[in-house]
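Okay, here's what each chain looks like letter by letter:
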Amino acid sequence: MTSPTTIFEAIALQKCLMATYNKMVVKLAPHILYTRHDEMFIDAVTIEREGRPPRELKLGTFKLAGLNEVSVLDETFDAMHGLYDETDDKYKGVTLFAIAPESAAA
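Residues numbered from 1 in each chain as written. Predicted model: local features only at pLDDT ≥ 70, side-chain atom pairs only at ≥ 80, totals over all residues. Heavy atoms only, no water.

1. Regarding the overall build of the chain
Right, on to step 1. Looking only at helices and strands, the chain features two helices and six strands.
Right, on to step 2. Along the chain direction, N to C, the helices and strands of the chain fall in the order α-β-β-β-β-β-β-α.
Right, on to step 3. Scaling as 2.2 N^0.38, a compact globule of 106 residues should have a C-alpha radius of gyration of about 13 Å, and the chain matches this with 13 Å.
Right, on to step 4. With the C-alpha coordinates aligned to their principal axes, the bounding extent of the chain is approximately 35 × 30 × 25 Å.
Right, on to step 5. Every one of the 106 residues in the chain was classed for burial, and the buried ones make up 35%. (Helix = DSSP H or I, 4+ residues; strand = E, 2+ residues; numbered from the N terminus. Rg over C-alpha atoms; globule rule 2.2 N^0.38 Å. Buried < 20%, exposed > 50% of the residue type's maximum accessible area, 1.4 Å probe, protein only.)

As structure tokens, then:
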């Protein structure tokens, strides 16, 4: 299983992650680490899938147990507050770590 420490580092420094998920290599911009049903998840924007950009940028949910061969890249990303809403009800009381709120980014 992926170490949460790697995820903390990527979120704190707003650095992309490279990982294998569902047998595909993905580059992710992780925004939040949280729990659901006693398992850890990240919500992240997929920057690349199999070396190609997605048709549209969107926030996806990734189960930490399903992320393999995870590495932090030396590539930063800007928080995508248009896609990620830190006030979403699904994060209340279960957030372990997240990028700075939009109000703090200004």
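Now, onward.
2. Remarks on the nonpolar core
Right, on to step 1. In terms of nonpolar packing, the biggest core is built from 20 residues, with Ile7, Leu28, Leu33, Ile42, Phe62, Leu64 and Leu67 touching the most fellow members.
Right, on to step 2. Listed by contribution, the elements that provide at least two residues to this core are α1 (4-13), β1 (15-21), β2 (24-36) and β3 (39-49).
Right, on to step 3. For this core, the element with the highest residue contribution is β2, accounting for five residues.
Right, on to step 4. Here Leu33 is in contact with Pro4, Ile7, Phe8, Ile11, Met40, Phe41, Ile42, Leu64, Val94, Thr95, Leu96 and Phe97, once residues within four sequence places are set aside.
Right, on to step 5. Among the nonpolar cores identified, the runner-up in size contains six residues, and Ala29, Val45, Leu73 and Phe77 belong to it. (Core = buried A, V, L, I, M, F, W, Y, C linked by side-chain atoms within 4.5 Å. Contact = heavy atoms within 4.5 Å.)

3. Looking at the pattern of salt bridges
Right, on to step 1. In total, this model carries six salt bridges according to the counting rule given.
Right, on to step 2. With a closest N to O distance of 3.4 Å, Glu48 and Lys27 form a salt bridge. One end of the pair, Glu48, is in strand β3; the other, Lys27, is in strand β2, and 21 residues separate them in sequence.
Right, on to step 3. On the basis of relative accessibility, which here comes to 24%, the residue Glu48 falls in the partly exposed class.
Right, on to step 4. Residue classification places Lys27 among the buried residues on the basis of a relative accessible area of 9%.
Right, on to step 5. With its nearest N and O atoms 2.8 Å apart, the salt bridge here joins Lys92 to Asp89.
Right, on to step 6. Judged by its relative accessible area of 57%, Asp89 falls in the exposed class.
Right, on to step 7. Taken together, the salt bridges that share partners define one network made up of Lys27, Glu48 and Glu75. (Salt bridge = Lys/Arg side-chain N within 4 Å of Asp/Glu carboxyl O.)

4. Details of the side chain of His31
Right, on to step 1. Its location among the elements puts His31 in strand β2.
Right, on to step 2. Engagement of the side chain of His31 in a polar contact is seen with the backbone oxygen of Ala29, the distance being 2.8 Å.
Right, on to step 3. In contact with His31, other than residues within four places in its own chain, are Ile11, Asp43, Ala44, Val45, Phe77, Asp78, Ala79, Met80, Tyr84, Ala98 and Ile99. (Polar contact = N/O pair within 3.5 Å; in protein donor to acceptor, adjacent residues only side chain to side chain.)

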